[in-house]
Amino acid sequence: MERTVVRCAEGHVFAASSFPMQQLGAERIGPGRLMRCPRCARLRQAVPVAFEER
């Protein structure tokens, strides 16, 4: 299973086993997803981290 490095809204960086890209009709909702952050244990908006930022 592929892991994606993501950053939550609080700035915590962690790896997620899946990062689904959801769509609403023909439009993409956006790059962020609502995920539970393992550092702060809350649901937070998370976005993939660019390779240069790792």
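See the structure printed just above.
Residues numbered from 1 in each chain as written. Predicted model: local features only at pLDDT ≥ 70, side-chain atom pairs only at ≥ 80, totals over all residues. Heavy atoms only, no water.

## Things to note about the environment of V49
Defined as follows: In this description a helix means any DSSP run of H or I spanning at least four residues, a strand means any run of E spanning at least two, and both kinds are numbered starting from the N terminus.
Examined against the element boundaries, V49 turns out to sit in the segment after β6 (43–48). For the pair formed by V49 and V6, sequence separation is 43 residues and the distance between their alpha carbons is 5.0 Å.

## Some words on the sheet that holds strand β1 (residues 4–8)
In a beta sheet, neighbouring strands pair by backbone hydrogen bonds and run either parallel or antiparallel. Our working definition: DSSP calls a pair of strands paired once it identifies at least 2 bridges connecting them. Note on method: axes are straight lines fitted to C-alpha atoms, helices fitted across the in-contact stretch only, with angles between N-to-C directions ranging 0 to 180 degrees.
Here we have 4 strands laid out as an open sheet, ordered β2-β1-β6-β5, and antiparallel in their pairing. Pairing within the sheet leaves two strands with one partner each, and these edge strands are β2 (13–16) and β5 (33–36). Within the sheet, the average angular offset between the axes of one strand and its neighbour, ignoring direction, is 50°. Bridge count for β5 against β6 is 4 bridges, and the pairing is antiparallel. By the bridge assignment for β6, L34 is matched with Q45.

## Topic: the nonpolar core
Definition in use: Residues enter a nonpolar core if they are buried and are Ala, Val, Leu, Ile, Met, Phe, Trp, Tyr or Cys, with the set joined through side-chain atoms within 4.5 Å. Residue burial is assigned from relative accessible area. The probe radius is 1.4 Å, only protein chains are included, and a residue is buried under 20% of its type maximum, exposed over 50%, and partly exposed in between.
Residues V6, C8, F14, A16, M35, C37 and A46 constitute the largest nonpolar core, which totals 7 residues. Residue assignment for this core shows that the elements contributing at least two residues are β1 and β2.

## Considering the pairing of β1
Inspection of the sheet shows β1 paired to β2 by 4 bridges, in the antiparallel sense. Bridge pairing in β2 places V6 opposite F14. Hairpin remark: β1 followed by β2, antiparallel, with 4 residues in the connecting loop; positive phi at G11, about 100°. In this sheet, β6 lies alongside β1 in antiparallel orientation, the contact comprising 3 bridges. Bridge assignment links C8 to a residue of β6, and that residue is A46.

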